[in-house]
Amino acid sequence: MSTAADQIIHALRAGHEELAALVRDLKEDDLRRPSGASEWQVSQVLSHLGSGAEIGLAGLTAARDGRPAPDGDFNRTVWRRWDAMSPEEHAAGFLESNQRLVEAYEALDADTRATLRINLGFLPEPVDVATAARFRLSEFALHQWDAEVAFNPFAAVTPEAVPLLIEQIGGMLGWTGRPQELGGREATLLVRLRDPERTFGLRLGEQITLTDAPEQPDGELSLPAETWLRLVVGRLGPQYTPDGVQVTGPLTLDDLRRVFVGF
């Protein structure tokens, strides 16, 4: 029976193969294109993913070997080295470092996937493999889209990642949402997702929270689950919005775009 860790590691592999197929053919001018991430070129997205993979692998390896996790000085050394690379080096470095991280996750046997605890450095306690890999998947899948949309305006988040990420989206709202953009207006929306289907409430007020599906919502938001992911992280500009997104009630899709500025 497939576990959460198995599914997430499979999604990490699928995402890597998709992005690697694109990156292998990119030239210098391609790497300097604007990406879907504000103020980042494609090469800078690859640098972020490559350096993150290197840091993630160091933490995973330390946990597996029973050693202390790398500290902040290690991370800063990695970032400085990647910052000094050329665009072509970012691409080559990403291909190598992310491959190594995915392979390291894949090499964990079933018992290790269930019992290993990894210190990520920014949480109070070490976490299990599924949680650590899910953090990486969230970062990877969204930045993968940032790179791919530079060449394909119809790019979408890797299908294998979508059902795994929508379950944790509530924990991201405090980072990605700016309820003050509504100027004091408040609303509770019924959210209906497709592919996969989910129904819940989105309450926008002084804070932004997810709730059970409300019986008497102020309006309704209906859209694909992949599109919902991108909306919440500030990646649903008009040029990247597919057909079939519907908003009713007191708020518009532009209101929601202003609220969810992303990262």
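Our structure is the block above this text.
Our subject in this report is the structure included herewith. (Residues numbered from 1 in each chain as written. Predicted model: local features only at pLDDT ≥ 70, side-chain atom pairs only at ≥ 80, totals over all residues. Heavy atoms only, no water.)

Regarding the overall build of the protein
Counting its regular elements, the protein contains 11 helices and 7 strands. Here the C-alpha atoms of the protein give a radius of gyration of 19 Å, agreeing with the 18 Å that 2.2 N^0.38 yields for 263 residues. Burial analysis of the protein (263 residues in total) assigns 48% to the buried set. Long-range contacts, defined as pairs at least 24 residues apart, comprise 69% of the intrachain contacts of the protein with a sequence gap of at least 6. Summed over all atoms, the accessible surface of the protein reaches about 13,100 Å², with 49% contributed by carbon and sulfur. In the protein, 25 side chains carry a positive charge and 40 a negative one; their mean positions are 2 Å apart. (Helix = DSSP H or I, 4+ residues; strand = E, 2+ residues; numbered from the N terminus. Rg over C-alpha atoms; globule rule 2.2 N^0.38 Å. Buried < 20%, exposed > 50% of the residue type's maximum accessible area, 1.4 Å probe, protein only. Contact = heavy atoms within 4.5 Å. Areas by Shrake-Rupley, 256 points an atom, 1.4 Å probe, with all protein chains shown as cover. Lys, Arg positive; Asp, Glu negative; His and termini not counted. Charge placed at Lys NZ, Arg CZ, Asp CG, Glu CD.)

Examining the sheet that holds strand S3 (residues 187-194)
Whether parallel or antiparallel, the strands of a sheet pair through hydrogen bonds between backbone atoms. Read across the sheet, 5 strands follow the order S5-S4-S3-S6-S7 without closing on themselves; strand pairing throughout is mixed. Two strands in the sheet have a free side with no partner beyond their single neighbour: strand S5 (208-211) and strand S7 (246-248). Recorded for the sheet is a direction-independent mean angle of 20 degrees between the axes of neighbouring strands. In the sheet, S3 pairs with strand S4 (residues 198-204) via 7 bridges, with the strands oriented antiparallel. Across the sheet, the residue bridging to Val-191 is Phe-200, located in S4. Of the strands in this sheet, S3, S4, S5 and strand S6 (219-224) are in contact with helix H10 (residues 225-232), which crosses S6 at around 110 degrees. (Pairing = 2+ DSSP bridges. Axes fitted to C-alpha atoms, helices over the stretch in contact; angles between N-to-C directions.)

Let's talk about the pairing of S5
Alignment of S4 against S5, held across 4 bridges, turns out to be antiparallel. Looking at the pairing, Gly-201 lines up with Thr-211 of S5. Between S4 and the antiparallel strand that follows it, S5, lie 3 residues.

Comments concerning the packing of helix H1 (residues 4-23) against helix H7 (residues 129-148)
Between H1 and H7, whose axes approach to 9 Å, the crossing angle comes to 25 degrees. By the angle between their axes, H1 is roughly parallel relative to H7. Where H1 crosses over H7, the handedness of that crossing is left-handed. Residues Ala-4, Ala-5, Ile-8, Ile-9, Ala-11, Leu-12, Gly-15, His-16, Glu-18, Leu-19 and Leu-22 of H1 pack against Val-129, Ala-130, Ala-133, Arg-134, Arg-136, Leu-137, Phe-140, Gln-144, Ala-147 and Glu-148 of H7. Here the residues of the contact of H1 with H7 are counted per class, giving 14 nonpolar, 3 polar and 4 charged. (Parallel < 35°, antiparallel > 145°, perpendicular 65-115°, else oblique. Left-handed = near helix turned anticlockwise from the far one by under 90°. Nonpolar A, V, L, I, M, F, W, Y, C, P; charged D, E, K, R; others polar.)

Remarks on the nonpolar core
Among the nonpolar cores identified, the biggest contains 57 residues, and Tyr-105, Trp-228, Leu-231 and Phe-260 are the most heavily contacted of them. At 7 residues, H7 tops the list of elements feeding residues into this core. Contacts of Tyr-105, omitting those with residues within four sequence positions, involve Ile-9, Leu-12, Leu-60, Arg-113, Val-129, Ala-132 and Ala-133. One finds Leu-19, Leu-26, Ala-91 and Ala-150 within the second-largest nonpolar core, a separate group that totals 14 residues. (Core = buried A, V, L, I, M, F, W, Y, C linked by side-chain atoms within 4.5 Å.)

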